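Topology and contacts: notes
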Amino acid sequence: MRMTLRAAQAAVTAAALGGTMIISATPAAAATTAPTCIGRMVTQTTDGFDVLLSNNCGGERAVKVVVSLAPDSPCYVMSAGTRKLYVYHGILGNYDRTVNC
């Protein structure tokens, strides 16, 4: 009987820890798409692609380029009316989307 109680406690603890890990991972995976006032012009190159980001919003925005099969861009903090060029060199990565960061 004592082993059953310990097994039940272990199962509850594992479930609680597992649930915590899932909750912790969710915010990073749930980055929202950047608003339409952030311009994105994607150009394919012979060794990757370029993304010209332009902030046409009324204020400062922080965005990053999400790349599938490769690391994402850094988080760019852009003032209103500014542009930033992200250049990806590689054969595996593809432009996925631009998100808030």
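Each remark here, short or long, concerns the structure printed above.
The notes below deal with the structure included here. Because the structure is predicted, anything quoted here is derived from the model rather than measured.

1. Looking at the sheet that holds strand S2 (residues 48–55)
Read across the open sheet, the three strands follow the order S1-S2-S5; overall the sheet is antiparallel. Each end of this open sheet is capped by a strand with a single partner; those strands are strand S1 (38–45) and strand S5 (83–89). For this sheet the average axis-to-axis angle between neighbouring strands, irrespective of direction, equals 15°. Of the strand pairs in this sheet, S1 and S2 are connected by eight bridges, and their pairing is antiparallel. Its bridge partner lying in S2, Met41 is registered against Leu52.

2. As for the packing of aromatic side chains
Following the criterion strictly, the structure yields three aromatic pairs and no others. Between Phe49 and Tyr88, the aromatic rings sit 5.1 Å apart at their centres with planes inclined by 25°, giving stacked as the arrangement. Here Tyr88 lies in strand S5 and Phe49 lies in strand S2, a separation of 39 residues in the sequence. Classification of Tyr88 by relative accessible area gives buried; the value is 10%. Ring pairing ties together the aromatic residues Phe49, Tyr86, Tyr88 and Tyr95, which thus form one cluster.

The rules behind each value
- Residues numbered from 1 in each chain as written.
- Predicted model: local features only at pLDDT ≥ 70, side-chain atom pairs only at ≥ 80, totals over all residues.
- Heavy atoms only, no water.
- Pairing = 2+ DSSP bridges.
- Helix = DSSP H or I, 4+ residues; strand = E, 2+ residues; numbered from the N terminus.
- Axes fitted to C-alpha atoms, helices over the stretch in contact; angles between N-to-C directions.
- Phe/Tyr/Trp six-rings, centres within 6.5 Å; stacked < 30°, edge-to-face > 60°.
- Buried < 20%, exposed > 50% of the residue type's maximum accessible area, 1.4 Å probe, protein only.

Purely geometric numbers; function is a separate question.
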